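Secondary and tertiary structure notes
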Amino acid sequence: MDVIESDFSGMSDSALWAIANPIMDNLMAASTEINHAKHTQDFTPRMRDIVTPDHLTEVCLQYQQEKGLFTLREAVAVFKRPDSAAFVWKQAFSKAKGEFVAEMVLVHQNGRYWVDHVMVF
């Protein structure tokens, strides 16, 4: 089991968003490009096991055909826990109408922040 290196519950919302937004920007760009190496660069080993190159390609082609590309993203909330932080954004697409949810869970291990869950729905 990994040792908790950061207590997210003691961090300010602005500090957490400053960490999360560039990571999510990279995830969105890499997803648009269908670039597996770029998309998974900040993933925990558990996430890398789930998001194989074939899986990423399949998911990206499907959402891009149905919903288009990611457009505006607006921060909604951050939920702090001692060992992680969960982020929620309002997400828009270029083709699909309406509001979607983008979410990401960050953990801190081995001196850096890692994505342990991410989804848009």
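The residue count restarts for each chain, going from 1 along the sequence in the order it is written. Totals for whole chains, interfaces and linings use all residues, but because this is a predicted model, local features are given only for residues with pLDDT of at least 70 and pairs of side-chain atoms are given and counted only at 80 or more. Each side-chain value is worked out from all heavy atoms of the structure, with water and hydrogens disregarded.

Comments concerning the nonpolar core
It is characteristic of soluble globular proteins that their nonpolar side chains tend to be buried jointly. Formed by 29 residues in total, the largest nonpolar core has its most connected members in I23, F87, W89, M104 and L106. Elements with a minimum of two residues in this core: α1 (13-33), α4 (53-67), β1 (70-80), β2 (85-93), β3 (100-109) and β4 (112-120). Each helix is a run of DSSP H or I of at least 4 residues and each strand a run of E of at least 2, with the numbering of both proceeding from the N terminus. Tallying contributions element by element places α1 first for this core, with 8 residues. Definition of nonpolar core: a set of buried residues of the types Ala, Val, Leu, Ile, Met, Phe, Trp, Tyr and Cys, connected through side-chain atoms within 4.5 Å. Burial classes follow relative accessibility: with a 1.4 Å probe on protein chains only, a residue under 20% of its type's maximum area counts as buried, one over 50% as exposed, and anything between as partly exposed.

Points about α1
For α1, which comprises 21 residues, the first-to-last C-alpha distance of 30 Å matches the rise-based estimate of 30 Å (1.5 Å per residue) to within 8%. All of the buried residues in α1 are L16, W17, I19, A20, I23, M24, N26, L27, M28, A30 and S31. Note on contacts: a residue pair is in contact if any heavy atoms of the two residues lie within 4.5 Å. Those residues of α1 that are buried are in contact with α2 (36-39), α4, β1, β2, β3 and β4. Trailing α1 by a residue or two, I34 shows a phi angle of about 55 degrees, which is positive. The span one expects for a helix is its residue count, reduced by one, times 1.5 Å.

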